[in-house]
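The chain contents come next:
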Amino acid sequence: MNLPQNAQLHTVKSTTPQYTRSHSLKSSAASNEYFSDYASDATSQQSVNSKTSYETPPSRISTPILQQNQNNLDSEMTLPSRPGAIQPAPLNIRRETHDEPSTIRMLSSFDEMSPPTPGVDDTPYIRFAIEQLTRDEDVMGRGRNSTASAYHQPRSPILFRAESGSDSPPDSTPSPPPPSPPHQEPFSEPGFQVRRKPVAQEVLLPVDLSKDLRSELGFVPLPLRLPILALYLCLCLLIIAGLIFSLVFVSSNHALFDYDGNASPRYFVFQYLPQLVGIMMTLWLFVIEAAAYRSLPFFCMAPDARSPWVLQEMRILPANYIFPDLIFFRTGEKMLGVTFFVFWLSNFTVPLLSCAYQTQWITNDGPARFRWTAVRGVGWTLVALYGLLCAAILCCMVRFRRRNSSLLWDPTSIADLICLFRRSNIVSDFEQTEVSPQPSNQLPPRTCRLGFWTTSERPDVFHAVGEEYAPIKRLSLQQLRQTEKNSNSLRYQDDAVDVEAQHRLSYGSAFSRSIHSPFVRYRWTAWFLRDTAVLAWIIASLILVIAFLVVSFVNRAVQNGFDPMLPSLTVSGGFSPADFLYSFLPSFLGMILFLAWQPIAMYFRAVQPFCNLSRPTGAVAQHSLLLSYPAQDPVTVVFTALANRDYKVAYMCFISLLSLSIPVLAGGVFTAQFFSGDDKVKMVASMPGYIALSVLVTIYALSYLIIWPTRKRYLPHNITTIAALMSWLYASPLLADSALQNVRTKKDLRERLMGSSNSLVLTGDRSGNNMQDSEKRSRRAARSQNAPHFAFGIFTGRDGKEHLGIDRLQRPGSREMLVVPASG
């Protein structure tokens, strides 16, 4: 360094000397070490341009991408600065002359620095150089843990050197700190033109509902609407009125009607019709429960009361069958918890209705004979149960009011979730949950809101699920393209690959192995459909049905009658122990069989979209994203599944309908009759009803042979919550698909996903009244070919990384999705 003759370099506070370098590529551990910029005058800037800067040699070989930008004049291998890294401040030099006060200037190059002053300890310099070399080793993975060191607080040593005109010892007065340099753009090599500009943080803002927006909201699913619930309530009141009339009438009269045999219409009215009405009411109640399950999470996102665990803990599939579902008490919905417990208690109404009317031997009203009478104890119990059911329906009316809803339509399918979370600011919480056995356990609590939103940076209004005043983590298209460009350039290099760039563009070996593993892909199914459970159901059903048929028809035991082993005499209240046992117990067992099949049918209905998506050729939206089998009643599901060629789902729902007749027939097939020849009372079955019951039980038992879900219906984890479904959608490009922008109706959503048929070119003569069958088939084939196909497999997400989930089978300009084979 050229200094004036009357100037001399000396150090200030030499015990803490500091060092700096320029244009260096920081390692992953030291990327945030320095936050100072260059601040120099015009003279020092010219000096920077005229001198050659040197850096500490790196501990690894740079890639050809970096080498092509290297300066040929450098004698050492220098690296370009890392994008976004801010350069350190130059050294402050204090110059003193005899005739003017000291001034401060900046060293613009290391060439201007003089060697260390003799007698000064160089240990800090050595320590600093070792620290820099150690940090460079972090890039190669040989140093400290780069992940942990990224959270360390950066420390930036600054060296002050003073110049004076005398040979006096170092000045003991510390120099003042340098002024803060102005902010400048970070230095970047020509091959790495990445500009980072400070951007205001974009947050999600709720929109005050105007009259127009408020009119769009407030959708309530059809089973939960006030007129439908009121109709169900009226039917319950009619049943209560009929029961009370029967109980009051028999108390003032001698029974109801004379008994005229076990094959007459009157026998059907008293022994089959009550439980048939009860089972139909139960089936309708299942539809109401299913609507409540799938709608409650979104009703809990209303402004009045919100739950932070709505995505993780609230089920969207019904589970109130054999055992009561108490999940509502854990999620804060105590009123609905009591309501659904009453719904579960209503399952006992069918066995009780089967024994509500019995025969009684009447002797004080004309000739002695058997007459139909109402059982008082059972009747008043039914009145109490149906009264509780009416109160539960009223609770549903209050909870699912229109003003508590922020829905635009019924969220019944995967496509509906895509629209609701398309512009949400909480999808980043689902990172890497697609391969987790319990994705709900990895999510933090979020107070979500459903409604209309806008952002602090964009004026448009949209409908979505989000968190109020929380930042939006959006991957820009420019950043995505830059990531893909870097990924492609690193993928096709023949020389050594930049390890640091690979670390930035990959997730980690464990996650990559998980999404490609067939074990993870086909890991989960419901516990009652695992191999051991299915095998147990098959063995048990076959043994029981064989025993049932043998006991029933060997030696004509049922047709000839058998000893009830209980008193059969009907008391004044109409109660007969034998009649009650052989009516209530068979119906109760039949009700267990009916309820046991409902979770099986619901599982097949819920996983069928994923089964169709797992095909190598994918599936159109009508057979995948838009399927809503769990939201439909069993009768509609049978016909819809047949039309979609989902034959196994159709059969499962058909058996669920067929099994409802088991408790109906079982509860009314036995009656106590007096045999004068034997002078004793025996239990006799109505053979037409018993033969039908035997056939139905046999079909039901053999149906367990085909409930094996096979590998194509296995999934990585459960699908019972919104969080579980969103784990396969959070990174999907479907959330950024322009075809799903500004969807306000379900009809519009279906048309966009299925493709418009107006663009199809149809050929043939249309002069006739009807289109020929060949033309119709051609039209359907053309529509199927033009409609986009979707699949469940490994795709490139919006962040440029591989994910497991749902996306288009193939997008223009990209490779086809990788569907993990079921045989793997």
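A quick note: this is a predicted structure, and the numbers were derived from the prediction, not measured.

Cut-offs applied
- Residues numbered from 1 in each chain as written.
- Predicted model: local features only at pLDDT ≥ 70, side-chain atom pairs only at ≥ 80, totals over all residues.
- Heavy atoms only, no water.
- Helix = DSSP H or I, 4+ residues; strand = E, 2+ residues; numbered from the N terminus.
- Buried < 20%, exposed > 50% of the residue type's maximum accessible area, 1.4 Å probe, protein only.
- Contact = heavy atoms within 4.5 Å.
- Areas by Shrake-Rupley, 256 points an atom, 1.4 Å probe, with all protein chains shown as cover.
- Polar contact = N/O pair within 3.5 Å; in protein donor to acceptor, adjacent residues only side chain to side chain.
- pLDDT = per-residue confidence, 0-100.
- Patch = residues over 30% accessible without salt bridge, like charges linked within 9 Å, V, L, I, M, F, W, Y side chains within 5 Å.
- Salt bridge = Lys/Arg side-chain N within 4 Å of Asp/Glu carboxyl O.

Trainee: Hey, could you go over the overall build of the protein chain for me, with residue numbers and the actual values?
Mentor: If you tally the helices and strands in the protein chain, you get 28 helices and 15 strands. Each of the 824 residues in the protein chain was classed as buried or not, and the buried ones make up 47%. Of all intrachain contacts in the protein chain linking residues separated by at least 6 positions in sequence, the fraction that spans at least 24 positions is 75%. Approximately 40700 Å² of the protein chain is accessible, and the part contributed by carbon and sulfur atoms is 58%.

Trainee: Run through the side chain of Thr412, naming residues and quoting values.
Mentor: With respect to the helices and strands, the residue Thr412 is situated in the loop between helix H13 (376-399) and helix H14 (414-420). A polar contact of 3.4 Å, which involves the side chain of Thr412, links it to the side chain of Lys746. Residues contacting Thr412, with those up to four places away along its chain left out, are Arg294, Leu627, Ser628, Ala631 and Lys746.

Trainee: If you had to explain the environment of Gly451 to someone new, which residues and values would you point to?
Mentor: Residue placement: Gly451 occurs in strand E9 (residues 448-455). Among the residues examined, Gly451 registers a relative accessible area of 2% and is labelled buried. Spatially, the C-alpha atoms of Gly451 and Val465 are 6.7 Å apart, while their sequence positions differ by 14 residues. Not counting residues up to four positions away in its chain, the partners in contact with Gly451 are Phe462, His463 and Ala464.

Trainee: Give a description of the environment of Met754 that names residues and reports values.
Mentor: Considering the arrangement of structural elements, one finds Met754 in helix H27 (residues 746-754). Met754 sits 134 residues away from Val620 along the chain, and the two C-alpha atoms are 7.0 Å apart. Setting aside residues no more than four positions away along its own chain, Met754 makes contact with Gln622, Leu626 and Ala787.

Trainee: Describe in detail the confidence of the model for the protein chain, supporting the description with residues and values.
Mentor: Summarising the model, the protein chain shows a mean pLDDT of 76, and 67% of its residues fall at 70 or more. Counted against residues more than four places away or in other chains, residues 1-114, with its pLDDT under 50, gives 260 contacts. When the criterion is pLDDT under 50, residues 476-507 qualifies, and its contacts beyond four places in sequence or with other chains add up to 40 contacts.

Trainee: So, a nonpolar patch on the surface: which residues are in play, and what are the values?
Mentor: A grouping of Leu549, Phe553, Ile691, Val695 and Ile699 is seen on the molecular surface, where their side chains present a nonpolar patch of about 380 Å² in accessible area. Contributions of two or more residues to the nonpolar patch are made by helix H19 (531-553) and helix H25 (687-702). Structurally, Ile699 is set in helix H25. Residue classification places Ile699 among the partly exposed positions, given a relative accessible area of 33%.

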